[in-house]
Amino acid sequence: MKSYTITVNGNVYDVTVEETGASSAAPVAAAAPAPRAAAPAPAAAPKASGAAGSIKIEAGAAGKVFKLESAVGSQVKKGDPILVLEIMKMETPVVAPQDGTVASIEVAVGDTVESGALLATMN
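My aim in this report is to walk through the structure given alongside it, one point at a time. (Residues numbered from 1 in each chain as written. Predicted model: local features only at pLDDT ≥ 70, side-chain atom pairs only at ≥ 80, totals over all residues. Heavy atoms only, no water.)

**Re the nonpolar core**
Next up, step 1: Ranked by internal contacts, the top residues of the largest apolar core, which has 20 residues, are I82, L83, L85, V107, V113 and L119.
Next up, step 2: Listed by contribution, the elements that provide at least two residues to this core are strand 4 (55-58), strand 7 (81-87), strand 9 (100-105) and strand 11 (118-122).
Next up, step 3: Not counting residues within four places of it along the chain, the set of residues in contact with I82 comprises I57, L68, E69, S70, V76, V94, V95, A96, V102, I105 and A120. (Core = buried A, V, L, I, M, F, W, Y, C linked by side-chain atoms within 4.5 Å. Buried < 20%, exposed > 50% of the residue type's maximum accessible area, 1.4 Å probe, protein only. Helix = DSSP H or I, 4+ residues; strand = E, 2+ residues; numbered from the N terminus. Contact = heavy atoms within 4.5 Å.)

Shown next as structure tokens:
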């Protein structure tokens, strides 16, 4: 068995692979994505949902809002999920870049977002 750390679209995964032959390998287990900060990019026009915070959380890739994990006013720790995006048929959590309070959620479930779009803000 060999262990690898793989980064896909900014998400870091620890993967263990079992060697079954000279040229083939089958994945055995994958850990949950490691916390990451959203990739910086120009933000799209957000929906207004209240007072904005000083910390912007932006989409790392284009996708569809699948689920909201936190609400405005929620206390979150670094790495806690704020929302989940569906990107290329995969659920991708968008996590808090640091400890704080969710100040605004700028999207709703079902919204399509572009890479760099403002998803939420924190204080």
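Having put the structure on the table, let's press on.
**A look at the sheet that holds strand 6 (residues 75-76)**
Next up, step 1: A sheet is described by the order of its strands in space; here four strands give the open sequence 4-11-9-6, paired in antiparallel fashion. In this open sheet, the two edge strands, each paired with only one partner strand, are strand 4 and strand 6.
Next up, step 2: Where strand 9 lies against strand 11, three bridges are found, and the strand directions are antiparallel. Bridge assignment links S104 to a residue of strand 11, and that residue is T121. (Pairing = 2+ DSSP bridges.)

**Thoughts on the sheet that holds strand 7**
Next up, step 1: Taken in spatial order, the four strands make up an open sheet running 8-7-5-10, and their pairing is antiparallel. With partners counted over all chains shown, the strands left at the sheet margins are strand 8 (90-95) and strand 10 (112-113), one partner each.
Next up, step 2: As paired strands, strand 7 and strand 8 are joined by six bridges and run antiparallel to one another. In the sheet register, L85 faces strand 8, and the bridge partner there is T92.

**Quick look at the side chain of D111**
Next up, step 1: Secondary-structure assignment places D111 in the loop between strand 9 and strand 10.
Next up, step 2: For D111, a relative accessible area of 16% puts it in the buried group.

**Considerations on a nonpolar patch on the surface**
Next up, step 1: Judged by side-chain polarity, Y4, I6 and V8 come together as a nonpolar surface patch covering roughly 250 Å² of accessible area.
Next up, step 2: Inspection of the secondary structure puts I6 in strand 1 (residues 2-8). (Patch = residues over 30% accessible without salt bridge, like charges linked within 9 Å, V, L, I, M, F, W, Y side chains within 5 Å. Areas by Shrake-Rupley, 256 points an atom, 1.4 Å probe, with all protein chains shown as cover. Salt bridge = Lys/Arg side-chain N within 4 Å of Asp/Glu carboxyl O.)

**Examining the pairing of strand 9**
Next up, step 1: Within strand 9, five of the six residues are buried, which leaves it mostly tucked inside the rest of the structure.
Next up, step 2: As paired elements, strand 6 and strand 9 share two bridges and run antiparallel to each other. Looking at strand 9, one finds that V76 is bridged to G100.

The values are spatial; any link to function lies outside them.
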